[in-house]
Structure formats: structure tokens, C-alpha cells
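Residues per chain are reported as follows:
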Amino acid sequence: MRKHYRLSNLDCANCAAKLEAALGRVEGVTAARVGFITQSLTLEFAEGRESEAEAAARALVRRLEPGVSMA
Amino acid sequence: MTRKQRLGAVRIGVGLALFAAGWCLPAGAWRLGAWAAAYAVAGADVLWASARNVLRGELFDENFLMAVASLGAMALGDFAEGAAVMLFYQVGEWFQAYAVGRTRRSVAALMDIRPDRARVLRGGAAAEVAPEAVAPGETLVVRPGERIPLDGTVLRGRSALDTAALTGESLPRAVGPGDAAPSGCVNLSGLLEIRVDRPYGESTVARVLALVEEAAGRKARTEAFITAFARVYTPAVCVGALALAALPPLVAGGAWGVWAYRALTFLVISCPCALVISVPLSFFGGIGAASRRGVLLKGSTCVEALARVRTVVFDKTGTLTRGAFAVTEARPAPGFDRGRLLELAACAESASTHPLARAVVAAWGGAVPPGAVSGVREAAGQGVEAEVRGRRVLVGNAALMAAHGVALPPWPGAPGSVVHVACDGAYAGSLLARDEPKPDAAEAVAALRRAGVRRTVMLTGDAEPAARAVAQSLGLDGFRAGLLPADKVAHVGRLREETRAESPKATLAFVGDGINDAPALALADVGVAMGALGSDAAIEAADVVLMDDRPSGLPLAIRVARGTLRIARQNIVLAVGVKAAVLALGALGLAGLWAAVFADVGVACLATLNALRALRLR
């Protein structure tokens, strides 16, 4: 199960790379891709764990990059 | 400029003004106060972010390193330098954000094919709704100058469509009732009523946009290398800084202050931003440049594979050739002329739907008068027998002629399909129908060779003479005729092995029209699907999608891929080289914090500007 998100106010390429690495380690997330230029995020979730993993990913984005919003 | 950027510009301006004011003030508390204010205005958010990240245990955070570098310089007594480092760091960050924003917008503008509204006829009146809310079967009204929001078929009206956004083709396409109206095209001249064939999510526009977003997500090896490099670069430079600060004084008895200052220059250039930003930006620019001209590259991985293509294998029908027959030669028998021969054949075949028959009718160009043709009998796999104005006419292959005892002159090695015609039992002449090469096919093959492709091969199920004629006229290096679909896959596999054997990094591209080609597309290093407007399977299976059906899109794609990779490599060399030079000069005490911060900011800006060149590749 794969979902796309828009990230706004993501304005540092290295932060994007770090965010991507951290999101990939979230429990229930099987793959994470942050497109710095397209300001997009793609998450792939393990079967049946979408909602908890998505909540964890949102919390992580809030913690790592407080200025960035994920829609 | 966004609101955030304007705010940043104001902050930097105030910081610079305070900094300059400090220089004018006499040395003392006022001067230090001005500099401290400049530092606070410029660096407050950096200090705040670094505090936050350090509390989280993130030591190699560029905010933190910048804070250490600037505060360290102040601690060593160089107040102006500490403030300046922070100021110029912010100036650099601002320019970088600005340049990236510009790129983002110009790429977004290239792909600005997303329709906002659709005008639908509901209950006799036109209503404006979101494209997602339109169901198949409903009728759209598209005015001149508007973009077609969903895929459909023209019901009423005639117009010209600008397909440039999707295909890169600048010639407008004329449409009338019954013609396909792909979404994303702009209606140029007349009002069109269009029946919706597909919901928005499955329409061309939505699929193209989804592809481009996906493409940006797939990372190339060059990009993966940069990410990996960035991950070790910052810690390595920091460890280097520590060693530089501590070892010389401890081992060789150097002065602590001098070496601490040199170590700070390391911290200033410890952010790998220039690298991390410029490489994906180059790829994105290249992908954007290609998509503007109707070539979709599915991700950075295929940019790399495309740049190394040495062998190109083409499917023949529909790829190099039009996929439709045309009469190219007429050989009337004595007593008949070309016009008479075509007329007899066309009248007899006027009721047939066979592709060859359609070609004959089209070549004649006349209209059959009512009542002129009667008694039509089709002989399956052979041809047609009919009464044309009272004369018995046979049109078909050699077998049909033999069955009626008509003697034929020889036409050995005819480069196409031969249609024989007999009138009242006597041979009247022969027509040659061919699936003709596309107008730009020969130029595409030549362009591929100029782009460094060593071998071009055509695969076809057609008979040898026809295949040979096409291969020779296009200047291909080789061809294989009489192949079954499974044979094509085997050939692609074998040619791929041969390509590898010549050079391990060389790749093979297979170009097909996407119909029955999926296995070969998947097996090739680079699968190229052609004429994909409307064909889902092809878009799925391919790495490169040529939106229109011109083979010249492939050499373009290869040139763009090469250019993109070249720009990405330049940026890597530029960024790594400048950083290495500054590290060396800093360690030797030849470059101070000023030089370090200028080099770091400068290289990021230069790399970004260089990456922007990829947008203009062609």
C-alpha cells in the first residue's frame, strides 16, 4: 500500500535526505522517498499497518522538521 | 518570492545593516553590541534549531555546526568574523532556496497540464465542475483556448488541437466528430463537444502527472552515491576538525588558538548541501526538459541506463513504419494504364475491409458510382472476385490468379505485398503495397548513430524481402525477418548479451509500440514504448515513453540523458573539489572563515545554476 503526500516548507536538501532516512526506519513503513524538488513524500506501508505507521511518520516529521507540513 | 523568502531577505538586510554600522562605530561596547545584534538577527533560527537538534542527540546537524563555528570565532576574540560567518551563511541559504524555488516553478510550469475545471452539459445547461467529478459518458464543452480536461471522443464541432504539452509536436492536430480528444491538449480554434471516455484518474493528463512524480522518486546510482557520501562527509569533516584542533598543539606544541581557528573553517564547510541539492536537481531538470518534448523518462535510473545505450533494437511495424499499407508502385500490363488498373482493383475491393484493399482504394482516390460493382465474392486469404461495369475482375495474390488460370509475369523479391489484377481472365497488372517507413525514421537512425549508438537492429514478423527493403532504406545495421513474438524476445536477450560482451556497462534499448511487446520491453535494459497516448500497458512496462509516434524521440532522450549525467558529474567534481581545496587551505591556515563561507555558499549557488542548464537540454 503506497501513499503520496505533499510536503511544504521543506527548504534544505540535506534535511530532506535525513528525513527520508529516518522515515524509512519507522515501524510499519517499508519504503520512504522524499522528493526535495517536487516537495513530495511517498510512503509504502506494510500490509494492515497503514494507520499506525502513518501516524508515527507524521509525528516524526513534526519532531524532525517542525516547519514542514505534510498533507 | 514566497512570504518566507521576503521575511528572510528583510532579516538578512537588517543584519547586514547592523553589521556595517558596527564597523563605523568606535571600538568598544557599542560596536560589539551592533555586531551581536546583527548576529542575533541573522542567526536566531539557526541557534534555535541547533539547540533543538542537539537535545535530540543529533550532533552532525548543519545548524549546530554553524553555531559552533560562529560562536567559536567569537570566543577566540574575532567578533566580526563570527557574525559575518553567520550572515553569509544565511545569504547563501537564501539564494539556494530562491534558486531551488525558481527551478521548481519552471519545471512545474512545464508540466502545467493539470486542468482546474471541466465544463459539462448537465440538464441542458453547461456546469463547471472539478474534472474528478465528471463521469464517463457525460458531454464536455471545450471552448477555443481551453485545455481538454478528460480523455474523450469528439461528438460535435471541428477544431485543431495543440498537443505540444503532451507530445512536443508543434503542428496542430485537426479533429472532427469521431476523433479521439486526449486530455491535456489545448483546443485552438472551434467549439468542441466531447463525450468523456475515461474518468479523470485514468485520463492521459492524470497518468502523465503521476508518472512524472514517480520519476522524481526513483533514485539513480549517482544520486544514491551522493546520499551515501553526504552521510559520511559531515561526521568525517567534524572528526577532522577535532583532530586539527587537538593534535598539532598536543603533539607538536602548536598554539591552541591558531589550530582551533583552523578547525572552525572545517565546520563552516561541513554541510554537504551543494552536493545533495545539485545532483537530484540536474536529474529533475533533465527529466523536465525531456517531458516538455513529449518524452517521459521514468526516473533517474533510466537516465543513467539511457546515457549508456550502445544497441537499439526496433520492432518494425508501427515503430519504424506507419503500420498501415500504401500502394507504392503500379505495373500495368500492356493495354492498361496505371489509372485504369487502380480503378478496376479499387472498384472490386471497395467493399473489403482488408488492410491491402483499403490501401488500394485510397491509392485510387475515386468514388465508386452506384451500381458499377456487383457480384462480389471474397476468397479468404486470396482476394476478391467481382463484376465491375460488366467485366469480370479478379484482385488478389498469386494463388488466386493460379486458381483462375491467369498467367503472371515474375516479380522476384518484391519489397512488400503484391496485389495482382486480372480483367476478363487476362492479366491486367500488379500493384505493390508497402508498410512505409515513418518520415523521420531514417533521420532517427542517423541521429542515434551520431549519439554514439553502435548497432541498430530491426526485428519483424514480415517476410525477408520487405524487411530488407525497409532496413536498407533506413540505414539500419541489421534485421531479422519472419520472427514470431517469442523469437523477438529471444533475440533481444541474445543481443543484450552481445552488447554486454563488448563493454560491461553498455546497455540495450528496445523500442516497440507497446502492443504485444511487454516481454521484450521488460527484458531490455531500457524499454521504450512509442505512441503511448492512450495505451496503458505500454506506459506500465516501459522505462521511457515516447508520447507521440515519432522514433526521433529516442535520440533526443539519449542526448538529454547524456547531458544530464554530464551536468551531474560536473557538479560532483565542482562541489567535492572546492570543498577539498578549502579543507586543505584551511588546515594550512591559508583560508580563513571568510573564504570558507564564501566558497561554501558560492559552490552551492554555482552547482544550482549549473543544474538549471539541464532544463534546456535538447
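Residues numbered from 1 in each chain as written. Chains lettered and ligands numbered in written order. Predicted model: local features only at pLDDT ≥ 70, side-chain atom pairs only at ≥ 80, totals over all residues. Heavy atoms only, no water.

## Some thoughts on the overall build of chain A
Scanning chain A from terminus to terminus reveals two helices and four strands. The C-alpha atoms of chain A give a radius of gyration of 11 Å, which matches the 11 Å a tight globule of 71 residues would have. Principal-axis analysis of the C-alpha atoms gives chain A an extent of 35 × 20 × 20 Å. Expressed as a percentage of the 71 residues in chain A, the buried residues total 51%. When the accessible surface of chain A is summed, it comes to about 3,300 Å², and 49% of that surface belongs to carbon and sulfur atoms. Positive and negative side-chain charges in chain A, numbering 10 and 9 respectively, have mean positions lying 3 Å apart. (Helix = DSSP H or I, 4+ residues; strand = E, 2+ residues; numbered from the N terminus. Rg over C-alpha atoms; globule rule 2.2 N^0.38 Å. Buried < 20%, exposed > 50% of the residue type's maximum accessible area, 1.4 Å probe, protein only. Areas by Shrake-Rupley, 256 points an atom, 1.4 Å probe, with all protein chains shown as cover. Lys, Arg positive; Asp, Glu negative; His and termini not counted. Charge placed at Lys NZ, Arg CZ, Asp CG, Glu CD.)

## With respect to the packing of helix H3 (residues 62-75) of chain B against helix H8 (residues 256-268) of chain B
All names here are of chain B. Between H3 and H8, the least distance of the axes is 8 Å, while the angle of their chain directions is 150 degrees. Our classification of the angle between H3 and H8 gives roughly antiparallel. Judged by the twist between their axes, the crossing of H3 over H8 is left-handed. Each of Leu-65, Met-66, Val-68, Ala-69, Gly-72 and Ala-73 in H3 lies in contact with H8, whose residues at this interface are Leu-264, Leu-267 and Val-268. Across the contact of H3 with H8, the residue classes break down as eight nonpolar, one polar and no charged. (Axes fitted to C-alpha atoms, helices over the stretch in contact; angles between N-to-C directions. Parallel < 35°, antiparallel > 145°, perpendicular 65-115°, else oblique. Left-handed = near helix turned anticlockwise from the far one by under 90°. Contact = heavy atoms within 4.5 Å. Nonpolar A, V, L, I, M, F, W, Y, C, P; charged D, E, K, R; others polar.)

## So, the environment of Ile-287 of chain B
Relative to the helices and strands, Ile-287 of chain B resides in helix H9 (residues 273-292). In this structure Ile-287 of chain B comes out as buried when scored by relative accessible area, which is 4%.

## Quick word on the pairing of strand E2 (residues 29-35) of chain A
Residue and element names in this part refer to chain A. Here six bridges tie E2 to strand E3 (residues 40-45), and the two strands are oriented antiparallel to one another. By the bridge assignment, Val-29 is partnered in E3 with Phe-45. Hairpin connection between E2 and E3: a loop of four residues separates the two successive antiparallel strands, and Gln-39 in this loop has a positive phi of roughly 55 degrees. (Pairing = 2+ DSSP bridges.)

## Brief notes about the nonpolar core
Ranked by size, the top nonpolar core spans 53 residues in total, and within it Leu-297, Leu-306, Val-312 and Val-544 of chain B carry the most contacts. The next biggest cluster of nonpolar side chains, apart from the first, holds 41 residues, and it includes Tyr-39, Ala-42, Ala-80 and Leu-583 of chain B. (Core = buried A, V, L, I, M, F, W, Y, C linked by side-chain atoms within 4.5 Å.)

## Digging into the confidence of the model for chain A
Residues shown with low pLDDT carry predicted positions that ought not to be read at fine detail. The share of residues in chain A with pLDDT of 70 or more is 100%, and the mean pLDDT across the chain is 84. Predicted confidence in chain A is weakest over strand E1 (residues 2-8) of chain A, with a mean pLDDT of 82, and strongest over helix H2 (residues 50-64) of chain A, with 89. (pLDDT = per-residue confidence, 0-100.)

## Quick look at the pattern of salt bridges
All names here are of chain B. According to the stated counting rule, one finds 27 salt bridges over all chains in the structure shown. Notably, a salt bridge pairs Arg-389 with Glu-343, separated by 2.9 Å at the nearest N-O pair. Of this pair, Arg-389 sits in the loop between strand E14 (383-388) and strand E15 (391-396) while Glu-343 sits in helix H12 (residues 338-349), and the two are 46 residues apart along the sequence. Among the charged side chains, a salt-bridge network with shared partners connects Arg-117, Arg-119, Glu-128 and Glu-146. (Salt bridge = Lys/Arg side-chain N within 4 Å of Asp/Glu carboxyl O.)

## Things to note about a nonpolar patch on the surface
Residue and element names in this part refer to chain B. Together, Leu-247, Leu-250, Val-251 and Trp-256 make up an exposed nonpolar region whose accessible area comes to about 480 Å². If one sorts the elements of the nonpolar patch by residue count, helix H7 (residues 221-252) sits on top with three residues. Considering the arrangement of structural elements, one finds Trp-256 in helix H8. (Patch = residues over 30% accessible without salt bridge, like charges linked within 9 Å, V, L, I, M, F, W, Y side chains within 5 Å.)

## With respect to the pairing of strand E1 (residues 118-122) of chain B
Residue and element names in this part refer to chain B. Direction of pairing for E1 relative to strand E2 (residues 125-129): antiparallel, over a ladder of five bridges. Counterpart to Arg-122 in the pairing with E2 is Ala-125. Adjacent in sequence and paired antiparallel, E1 and E2 are bridged by two residues, among which Gly-123 carries a positive phi angle near 60 degrees. As defined by bridge partners, E1 adjoins strand E3 (residues 139-142) across two bridges and the pair is classed as antiparallel. Bridge pairing in E3 links Val-120 to Leu-140.

## A closer look at the side chain of Asn-187 of chain B
Residues and elements named next belong to chain B. Locating Asn-187 in the fold gives a position in strand E8 (residues 186-187). In terms of polar contacts, Asn-187 uses its side chain to reach the backbone carbonyl oxygen of Arg-143, at 3.4 Å. When residues no more than four places from it in sequence are discounted, the contact partners of Asn-187 are Val-142, Arg-143, Pro-144, Gly-145, Glu-146, Ser-159, Ala-160, Leu-161 and Leu-192. (Polar contact = N/O pair within 3.5 Å; in protein donor to acceptor, adjacent residues only side chain to side chain.)

## Re the interface of chain A and chain B
Interface size, as often reported, equals the accessible area lost upon joining of the parts. Counting residues at the interface gives 23 residues for chain A, matched by 26 residues for chain B. Here chain A meets chain B over a buried area of about 2,000 Å², counting both sides, of which 52% is carbon and sulfur. Linking chain A with chain B are zero salt bridges. Applying the counting criterion to the chain A and chain B interface returns zero residue pairs in polar contact (both at pLDDT 80 or more). Of all elements in the fold, only E1, helix H1 (13-24), E2 and H2 of chain A reach the threshold of two or more residues within the side of chain A that touches chain B. When residues of the side of chain A that touches chain B are assigned to their parent elements, the largest contribution, seven residues, is made by H1 of chain A. Each residue belonging to the side of chain A that touches chain B can be placed in one class, and the counts come to eleven nonpolar, five polar and seven charged. (Buried area = accessible area lost by both parts, 1.4 Å probe.)

## Focus: the sheet that holds strand E4 (residues 69-70) of chain A
Residues and elements named next belong to chain A. Strands sit in the order E2-E3-E1-E4 across an open sheet of four strands; the sheet is antiparallel. Each edge of the open sheet is held by one strand with a lone partner, namely E2 and E4. Judged from the two bridges that link them, E1 and E4 form a sheet pairing that is antiparallel. Looking at the pairing, Leu-7 lines up with Met-70 of E4. Most of the contacts of H1 go to E2, to which it runs at about 170 degrees, and overall it touches E1, E2 and E3. With respect to the sheet, H2 is in contact with E1, E2, E3 and E4, its orientation differing from that of E3 by roughly 145 degrees.

## Considering unusual backbone geometry
Excluding glycine, residues mostly carry a negative phi; peptide bonds, for their part, are mostly trans. Despite not being glycine, Arg-389 of chain B has its phi angle at roughly 50 degrees, a positive value. A relative accessible area of 48% means that Arg-389 of chain B is categorised as partly exposed.

## Considerations on a positive patch on the surface
All names here are of chain B. A cluster of basic side chains, namely Arg-292, Arg-293, Arg-559, Arg-566, Arg-613, Arg-616 and Arg-618, defines a positive patch on the protein surface. By the element assignment, Arg-292 lies in helix H9. Residue Arg-292 is classed as partly exposed on the basis of its relative accessible area of 38%.

## Focus: the confidence of the model for chain B
In this model, chain B carries an average pLDDT of 85, and 95% of its residues clear a pLDDT of 70 or more. For this predicted complex, the interface score ipTM comes out at 0.77, while the overall pTM is 0.77.

## Some points on the packing of aromatic side chains
Residues and elements named next belong to chain B. In total, this model carries nine aromatic pairs over all chains according to the counting rule given. On the numbers, 5.3 Å between centres and 70 degrees between planes, the contact of Trp-23 with Trp-35 is edge-to-face. Of this pair, Trp-23 sits in helix H1 (residues 3-24) while Trp-35 sits in helix H2 (residues 29-55), and the two are twelve residues apart along the sequence. With a relative accessible area of 6%, Trp-35 lands in the buried category. A ring pair is formed by Phe-229 and Tyr-233, whose centres lie 5.6 Å apart and whose planes are at 25 degrees; its orientation type is stacked. (Phe/Tyr/Trp six-rings, centres within 6.5 Å; stacked < 30°, edge-to-face > 60°.)

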